[in-house]
Amino acid sequence: MNRCDLQKVVDKLPEHPGIIGKEEIFFNSAVLIPLLEIAGKYHFLFEVRAGNIPQGNEICFPGGKYEPDYDANYQEAAVRETVEELGIPREKIIVKGELGTFLAPMGASIDSFLAVLKIKDTAELMINKKEVKEVFTAPVSFFRDNSPEEYKVRLEIQPFFKDENGREEIYLPAKDLGLPERYHKPWGGKRYDIILYRYQEKIIWGITAQLVRGFINLL
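A brief structural summary. Please read all numbers here as calculations on a predicted model, not as lab measurements.

1. Brief notes about the side chain of Glu 85
Then comes step 1: Checked against the element boundaries, Glu 85 lands in helix H3 (residues 74-86).
Then comes step 2: Among the polar contacts made by the side chain of Glu 85, one reaches the main-chain amide nitrogen of Gly 63 at a distance of 3.4 Å.
Then comes step 3: For Glu 85, the contacting residues outside a window of four places in its chain are Glu 47, Pro 62, Gly 63, Ile 127, Asn 128, Glu 131 and Val 132.

2. Quick word on the sheet that holds strand S8 (residues 149-157)
Then comes step 1: Reading across the sheet, the three strands line up as S8-S11-S12 and stay open at both edges, with antiparallel pairing between neighbours. The outermost strands of the open sheet, each flanked by one partner alone, are S8 and strand S12 (202-205). Recorded for the sheet is a direction-independent mean angle of 35° between the axes of neighbouring strands.
Then comes step 2: The sheet contact formed by strand S11 (residues 187-199) and S12 spans four bridges and is antiparallel. Each bridged residue has a counterpart across the sheet, and for Arg 198 the counterpart in S12 is Ile 203.
Then comes step 3: Contacts from helix H6 (residues 206-216) reach S8, S11 and S12 within the one sheet, and its direction differs from that of S11 by about 70°.

3. Regarding the pairing of strand S6 (residues 108-117)
Then comes step 1: Most of S6 is tucked away: nine of the 10 residues are buried.
Then comes step 2: The pairing of strand S1 (residues 27-38) with S6 spans nine bridges and is parallel. Counted as the bridge partner of Ile 33 is Leu 114 from S6.
Then comes step 3: Counted between consecutive antiparallel strands, the loop separating strand S5 (residues 93-104) from S6 contains three residues, among which Gly 107 sits at a positive phi close to 100°.

Here is what the cut-offs are and how they apply
Residues numbered from 1 in each chain as written. Predicted model: local features only at pLDDT ≥ 70, side-chain atom pairs only at ≥ 80, totals over all residues. Heavy atoms only, no water. Helix = DSSP H or I, 4+ residues; strand = E, 2+ residues; numbered from the N terminus. Polar contact = N/O pair within 3.5 Å; in protein donor to acceptor, adjacent residues only side chain to side chain. Contact = heavy atoms within 4.5 Å. Pairing = 2+ DSSP bridges. Axes fitted to C-alpha atoms, helices over the stretch in contact; angles between N-to-C directions. Buried < 20%, exposed > 50% of the residue type's maximum accessible area, 1.4 Å probe, protein only.

Written out as structure tokens, the structure is:
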């Protein structure tokens, strides 16, 4: 590489740097954080996922996979998924801005957008029962006034895996590649914080809880 090549790289450096490897490494998705005004107070609108889909019966915000062939950007992906899941007209979704990108340790990248739904009641929604079991609202003030419960899990990198029959599947042939011995067996073992909120009979946890806390931290 010469000086001319270096200048080409410098000229292409983004004004607002993103996440290196986002498209190649992560499962990229986008969610909407919908607010609904009830009696002069804002509420979060949550979904309970249908039981027959991944993460069935868990609580989430509307959203899904970013589809570059259909979505102009991540905001469009979040809005499209919301329209599909809640059956709400696009013109009744007023996007206020982007909250940020959450990187989940399981390999997912979630871009989140704040929006106000211009409806009077959830009865106006025509939810897609194939994806959404039910919806409910919870006042933002509840999350402002109640700290989440905090737990921890242990994350470990596995260069190989043995199934129930003892068959070994090698993901990273560390020994054959000549990598240091510490990578020949599972490594890492870092603790990862899990937070959850209990609202009435509902458990709001994981990525959804992290997005809620991210919003509350701005208040």
